[in-house]
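Chain residues, written in single-letter form:
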Amino acid sequence: MTRQSSVLIIGAGISGLSSAWWLSQHGIHSILLEQAKRSGGLIDSTDQDGYLTDHAASMILNFDSAVSRFISESGLQKHRVNRNPVAKRYVLKNSELAEVPVNIREMLCSDLFSFKTRIQMITEAFRCCRRSEWESVAAFIRRRLGQEILDLAIDPYVSAVLACDPEKACARSTLPRLTALENEFGSITAGVLIKKLLPGKRGLPQEAFSFSGGMKTLVDTLAENPLAEIHTGQQVIALEPLKSGWRVTASDNTTELQYQTRHVIFSTPANIACKLLKPIHPKLSALLNQIEYAPIAQIHLGFDRGAFSKPLDGSGFLVPSREKTPIRGSLWISNLIANRAPEGKLLTSNFIGGACQADALKNPDRVLVDQTLRALQNLCGLKGSPEMIRINRHHQGLPLYHGNYHRLTQAINRYEGRCDGLHFVANYLQGISIRDRIIQAKTVADQISTRMTEGTTSRPAYVWTNADEVLNRV
Ligand SMILES: Cc1cc2nc3c(=O)[nH]c(=O)nc-3n(C[C@H](O)[C@H](O)[C@H](O)COP(=O)(O)OP(=O)(O)OC[C@H]3O[C@@H](n4cnc5c(N)ncnc54)[C@H](O)[C@@H]3O)c2cc1C
């Protein structure tokens, strides 16, 4: 029997679940097919020995009103736990932890940066723009703010949080807000100051939060959506364009199941979309094939606070890629979010991997734990042993913004726009963060709703316009 639905979503991670939620706000029912036994994708949480660990994302950082609406109207508001106002954060400089200034005024006074760098920051506004068609993060920051700001402020964020190599990452995709400041104001520092001074230019205040029960609560709550029919344990294995819509074949390992739908949303990693679309749209598939991923491991370690000779009083530290330490960063989660560790204990989430350490995950768990413990001994005065150890490995952790990523994603989006009923809501397009996932899901749900209201069925799903022209631009 073929099941019918106006929208079918492949993958029930946060991208797929958010799409279903925004569609339900338009009164649109959707079917989600998820190959795993549970929905949520990368997002999950585990309580082990009283320590609550997140398998991937640990917090939402938000400054967008649509995301605030999503949280309050989806029933998540009552579970929300705001990040503690822990001010101190650290970066590794010459094998020691140094406190990071939090704003431009503090940066100008901080001895983290040399006098020359501080002068470079002040005079940045007078430097003319020499924008090239493609520029790496490293080249962009060196040009505007100098090598030291790259090494100590930008590289740790790009290589540790986004898992990218700053020398290869596309500045426009990786640092969209900084490159936009240069475009709009001709200067990063001037742009930041103008935005602070002019009320109309200020965005929503930034907020960071998680949920009681961990980030699992986010995906579990969204999975309760009555207009979203989630089928777990069903892997989509084929896609066929119809005159108006799509036939989707899934397998539950024993049986093949058929679905017919007007709109398909791909919310899987790029390589899965690449494989499924290859027989139908080889050129689009070739574009998707260019998306690279970095492997990341999270080593969660729980300690008695007395195990450290230094007080761990901040949010954690990040490691610039030029430092030799094997870990990329350490988040002191229980300082940031309440009830993540038993009383008197500390939960640390430590990261290994990313593009600059692509081979690191070849090591067995024992080596990853030893490397992390050695780093914490050298940098934080760890004397004792962990009471809790948990490791989450992600071989396709995060998509990399490498090469001309901006052009590549533009080309994918143009193909998408030309193929009626085919949509992408996935973290290799328009941002990896949960905030970005929720925003992109809204955009696509709104488009689908508009098309349904207009009854746009004129173009069959397999007709393309100027597809080669799009490809040639990449
Ligand atoms: C270590 C780590 C830490 C992070 N920390 C943060 C953070 O603190 N804050 C933040 O905002 N973001 C963070 N992120 C990013 C964020 O977690 C991810 O970008 C986001 O969860 C990705 O969601 P997604 O739904 O796009 O993809 P996924 O979660 O990968 O979901 C895709 C789903 O598709 C399914 N699927 C694949 N193939 C098929 C098929 N053929 N048929 C059916 N189903 C299929 C998969 O099983 C999966 O469930 C972090 C990421 C990592 C790896």
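This is a predicted model, so every value here is computed, not measured.

S.K.: Break down the packing of helix H1 (residues 14–25) against helix H2 (residues 65–73) for me, with residues and values.
M.R.: Between H1 and H2, the least distance of the axes is 12 Å, while the angle of their chain directions is 80°. The pairing of H1 with H2 is recorded here as roughly perpendicular in orientation. From H1, Ser18, Trp21, Trp22 and Gln25 reach across to H2, where they touch Ala66, Arg69, Phe70 and Glu73. Tallied by class, residues from the contact of H1 with H2 come to four nonpolar, two polar and two charged.

S.K.: I'd like a description of the sheet that holds strand E8 (residues 96–99), backed by residues and values.
M.R.: Within the open sheet, the seven strands sit side by side as E8-E7-E15-E16-E17-E14-E18. Their pairing is mixed. The strands lining the two open edges of the sheet, one partner per strand, are E8 and strand E18 (388–399). Pairs of neighbouring strands in the sheet enclose a mean axial angle of 30°, with direction left out of account. Pairing between strand E15 (residues 316–318) and strand E16 (residues 329–332): three bridges, direction antiparallel. Of the residues in E16, the one forming a bridge with leucine 318 is glycine 329.

S.K.: Describe in detail the domain arrangement of the protein, supporting the description with residues and values.
M.R.: Domain parsing of the protein yields domain 1 (2–43 + 216–291 + 403–473) and domain 2 (100–201). Inter-centroid distance (C-alpha atoms) of domain 1 to domain 2 is 35 Å. Contacts between the two partners involve six residues from domain 1, matched on the other side by seven residues from domain 2. Around 550 Å² of area is buried between domain 1 and domain 2 when both sides are counted, 51% of it from carbon and sulfur atoms. The tally of links from domain 1 across to domain 2 stands at zero salt bridges. Considering only residue class, the side of domain 1 that touches domain 2 consists of two nonpolar, three polar and one charged.

S.K.: How would you explain the state of the cysteines if you had to name every residue and give the values?
M.R.: A complete count under the given rule lists zero disulfides for this structure. The thiol sulfur of cysteine 170 is not disulfide-bonded, and the nearest other cysteine sulfur, from cysteine 164, lies at 9.8 Å.

S.K.: Tell me about the sheet that holds strand E9 (residues 207–211), residues and numbers included.
M.R.: The strand order across the open sheet built from three strands is E5-E9-E6, with neighbouring strands paired in antiparallel fashion. The two strands at the open ends of the sheet, each matched to only one other strand, are strand E5 (60–62) and strand E6 (80–82). Direction aside, neighbouring strands of the sheet carry axes that sit 40° apart on average. As paired strands, E6 and E9 are joined by three bridges and run antiparallel to one another. The residue bridging valine 81 from the neighbouring strand is serine 210, located in E9.

S.K.: Tell me what's going on with a nonpolar patch on the surface, and back it up with residues and numbers.
M.R.: A cluster of nonpolar residues, Leu193, Ile194, Leu197 and Leu198, forms a patch on the protein surface that exposes about 360 Å² of accessible area. Within the secondary structure, leucine 193 is located in helix H9 (residues 188–197).

S.K.: So what's going on with the site of the ligand? Which residues, and what values?
M.R.: Neighbouring the ligand are 29 residues, the closest being Ser15, Glu34, Leu42, Met59 and Ile432. The separation between an oxygen atom of the ligand and a polar main-chain atom of isoleucine 14 is 3.0 Å. Glutamate 34 places a side-chain nitrogen or oxygen 2.6 Å from an oxygen atom of the ligand. For the ligand, whose unbound accessible area comes to 1,000 Å², protein coverage reaches 89%. If you list the elements that add at least two residues to the shell around the ligand, you get H1, strand E2 (30–34), strand E11 (235–242), E18 and helix H16 (434–454).

Rules behind the numbers
- Residues numbered from 1 in each chain as written.
- Predicted model: local features only at pLDDT ≥ 70, side-chain atom pairs only at ≥ 80, totals over all residues.
- Heavy atoms only, no water.
- Axes fitted to C-alpha atoms, helices over the stretch in contact; angles between N-to-C directions.
- Helix = DSSP H or I, 4+ residues; strand = E, 2+ residues; numbered from the N terminus.
- Parallel < 35°, antiparallel > 145°, perpendicular 65-115°, else oblique.
- Contact = heavy atoms within 4.5 Å.
- Nonpolar A, V, L, I, M, F, W, Y, C, P; charged D, E, K, R; others polar.
- Pairing = 2+ DSSP bridges.
- Domains from an automatic or database assignment.
- Buried area = accessible area lost by both parts, 1.4 Å probe.
- Salt bridge = Lys/Arg side-chain N within 4 Å of Asp/Glu carboxyl O.
- Disulfide = S-S within 2.5 Å.
- Patch = residues over 30% accessible without salt bridge, like charges linked within 9 Å, V, L, I, M, F, W, Y side chains within 5 Å.
- Areas by Shrake-Rupley, 256 points an atom, 1.4 Å probe, with all protein chains shown as cover.
- Near = heavy atom within 4 Å.
- Polar contact = N/O pair within 3.5 Å; in protein donor to acceptor, adjacent residues only side chain to side chain.

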